[in-house]
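Take a look at the letters that make up each chain.
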Amino acid sequence: MERNINTKCIHLEEDPGNKNHYGAISFPIYQTATFAHPGVGMSTGYDYSRLQNPTREHLEKIVASLEGGIDALAFSTGMSAISALMELFKPGDHLIVDADLYGGSIRLFNSISSKNGIDFTSIDCCKEDVKKYITDKTKAIYIETPTNPMMNVTDIAAISKIAKEYKLMLIVDNTFLSPYFQNPLKLGADVVVHSGTKYLGGHNDTLAGFLVTSREDISEQLRFNIKTTGAGLAPFDSWLIMRGIKTLGVRMERAQSNAFKIAEWLENQKAVTKVIYPGLKTHPAHEIMCRQSRGFGAMLTFEVQSKEFALSILEKVQLIQYAESLGGVETLITYPTTQTHADVPEDVRLKNGITDCVLRLSVGIEDVDDLINDLSDAFKRTEEELYSGKES
Ligand SMILES: *Cc1c(COP(=O)(O)O)cnc(C)c1O
């Protein structure tokens, strides 16, 4: 019988057991660059850590099992994983990519991959007819769902049908929901991307990235790539992510429950003009999310009445930290305009709805009443400061 995801986060099904590690419950950190050969032409299974290291391999197997892939590769960061993926394409190839993506992915595509001769068309994959943009050069569709930061949701099964019809690779960045809530490979995607820095690691203390695939041919190419270009995750960092994953389920559940309560609280604030959280019935893709995911995650975006208001909130929160990144136990607030999306051209940013009034919250696992009190206090003091003069 297939084990539940909460068990898979902690135990590897095909685990050879810990007999080889003196019974160690926690998988050992193989902090070694190289491995001695037992004889000429012989190998322990490991030769050099750029190629593979037992700690990294164990982590990769866990992530593959969580996503239901045949292989997962652990990279030093999410961006190095996406860069390795771009190596699968050659000059002249064309990719259709979501318009609202992680800012770093947009920067990579626009400034490095395009310089290498790869063409991109950015469209709202959740709204537009993808087929209209497919040419005979098109090789892949790259999406995030929900997107960062506007929380647009694409129907993965529907877009995978199109990808299969035109023999395109479907790539889904699954960072926002983590494998705990969503498994794109099971909905027809070919490759799943993760910034392991976020929910998988979960503690804002380690950078990592993953590529998970359901296809033998892609796995083979990526394995060649990681051993050749060398962006594999280091043994100690592999161990930290492994440790983070053990609590993925409890963290995701708690963060999601906090996010629900904060979203509802925000909806009742006069100064808030919009709350975007896929868990709310008012979210346009709530239904799709109910079909394709097991949860709604803990990322939410909201818009306040003015830029001054947004900036003041950033300065006045005390418990909530004003910082980039997401997916950790600490609640973080981000200003996409000058942080994650600073390098995105202004017209593109505004077209995607990322105005100067938009704030993003990565809800952590603190006590939700403390989080709401912190926001409430920041709102109150902002209102006093901005409007006190006008009342008299
Ligand atoms: C953070 C992030 C990345 C990049 O990951 P790094 O680990 O920071 O390199 C890619 N995609 C999404 C959705 C992210 O949030």
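Before reading on, note that the structure itself is shown above.
The rules behind the values
Residues numbered from 1 in each chain as written. Predicted model: local features only at pLDDT ≥ 70, side-chain atom pairs only at ≥ 80, totals over all residues. Heavy atoms only, no water. Helix = DSSP H or I, 4+ residues; strand = E, 2+ residues; numbered from the N terminus. Rg over C-alpha atoms; globule rule 2.2 N^0.38 Å. Buried < 20%, exposed > 50% of the residue type's maximum accessible area, 1.4 Å probe, protein only. Lys, Arg positive; Asp, Glu negative; His and termini not counted. Charge placed at Lys NZ, Arg CZ, Asp CG, Glu CD. Phe/Tyr/Trp six-rings, centres within 6.5 Å; stacked < 30°, edge-to-face > 60°. Pairing = 2+ DSSP bridges. Axes fitted to C-alpha atoms, helices over the stretch in contact; angles between N-to-C directions. Contact = heavy atoms within 4.5 Å. Polar contact = N/O pair within 3.5 Å; in protein donor to acceptor, adjacent residues only side chain to side chain.

Right, let's get into the overall build of the protein. When helices and strands are counted, the protein shows 13 helices and twelve strands. Its C-alpha atoms give the protein a radius of gyration of 22 Å, within 12% of the compact-globule value 21 Å for 392 residues. Taking the principal axes of the C-alpha coordinates as reference, the protein spans close to 90 × 55 × 40 Å. By residue count, 56% of the 392 residues in the protein fall in the buried class. In the protein, 40 positive and 51 negative side-chain charges are present, and the distance between their average locations comes to 4 Å.

Looking now at the packing of aromatic side chains. Here the structure, examined in full by the defined rule, presents ten aromatic pairs. Measuring from centroid to centroid gives 6.4 Å for phenylalanine 27 and tyrosine 30, while their planes differ by 55°, and the two rings are tilted. For phenylalanine 27, a relative accessible area of 15% translates into the label buried. Among the aromatic residues, those joined into a cluster by ring pairs are Phe109, Phe120 and Tyr142.

Another point: the sheet that holds strand E5 (residues 169-173). Neighbouring strands of a sheet are bound in pairs by backbone hydrogen bonds; such pairs are parallel or else antiparallel. The seven strands lie next to each other as E1-E7-E6-E5-E4-E2-E3, forming an open sheet whose pairing is mixed. The open sheet is flanked by strand E1 (71-75) and strand E3 (119-123), the only strands paired with a single partner. Averaged over all pairs of adjacent strands, the angle between strand axes in this sheet comes to 20°, irrespective of strand direction. Relative to strand E7 (residues 209-213), E1 is paired through five bridges, and the arrangement is antiparallel. For alanine 72, the partnering residue across the bridge sits in E7 and is valine 212. Relative to E1, helix H2 (residues 54-67) is tilted by about 130°, and along the sheet it contacts E1, strand E6 (191-195) and E7. Here helix H4 (residues 103-113) sits on the sheet in contact with strand E2 (94-98), E3 and strand E4 (138-144), set at roughly 150° to E4.

Time to look at the side chain of glutamate 60. The topology assignment puts glutamate 60 in helix H2. A polar side-chain atom of glutamate 60 sits 2.8 Å from the main-chain amide nitrogen of alanine 74.

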